[in-house]
Amino acid sequence: REMMDLVTINGKARGIIVKNLITGELERYAADAVVLCTGGYGNVFFLSTNAKHSNVTAAWRCYKRGAAFANPCFTQI
């Protein structure tokens, strides 16, 4: 799945919209809170063990919707 958008209600994160990478179908998930565990931008490092799709896109999409952004430098090597 790829996170496509953050669902906000009254300024609070309440879910996400994701794209199923096999079928292309969009899916919605509602929640009381949203926690992103996406990893950092490992593609800039040759020896990173992050998947090639770990490219900070989900964090950036949430940031554009108003989420706080702190220390985006988490990198697994």
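So, a few notes on the structure that sits alongside this text. Each chain has its residues counted from 1, running along the sequence as written. Where totals are concerned, whole chains, interfaces and linings use all residues; where local detail is concerned, this predicted model gives features only for residues with pLDDT of at least 70, and gives and counts side-chain atom pairs only at 80 or more. Excluding hydrogens and water, the side-chain values take into account all heavy atoms of the structure.

Looking at the pattern of salt bridges
Every case where a carboxyl oxygen of Asp or Glu lies within 4 Å of a side-chain nitrogen of Lys or Arg is listed as a salt bridge. Taken as a whole and assessed by the stated rule, the structure comprises 3 salt bridges. The partner of R65 in a salt bridge is D5, with the nearest N and O atoms 3.0 Å apart. On the criterion of sequence distance, the pair formed by R65 in the segment after α1 (57-64) and D5 in strand β1 (residues 2-9) is long-range, its members being 60 residues apart. The buried label applies to any residue whose accessible area, calculated with a 1.4 Å probe on protein chains only, is under 20% of its type's maximum; exposed applies above 50%, and partly exposed to all values in between. Under the relative-accessibility criterion, R65 is labelled partly exposed at 42%. Here D5 falls in the partly exposed class, since its relative accessible area comes to 29%. The secondary structure listing takes helices from DSSP runs of H or I that are at least 4 residues long and strands from runs of E that are at least 2 residues long, numbered from the N terminus.

Here's the deal with the sheet that holds strand β2 (residues 12-19)
With antiparallel pairing, 3 strands are arranged side by side in an open sheet as β1-β2-β3. Unpaired on one side and paired on the other, β1 and β3 (26-30) mark the two borders of the sheet. With direction set aside, neighbouring strand axes in the sheet form an average angle of 25 degrees. With 7 bridges connecting them, β1 and β2 associate as antiparallel partners. Looking across to β2, one finds that D5 is bridged to I17. Any two strands with at least two DSSP-identified bridges between them are counted as paired. Lines fitted to C-alpha atoms define the axes here, with helix axes fitted over just the stretch in contact, and angles between the N-to-C directions of these axes take values from 0 to 180 degrees.

Without other data, these values stay purely geometric and don't point to any function.
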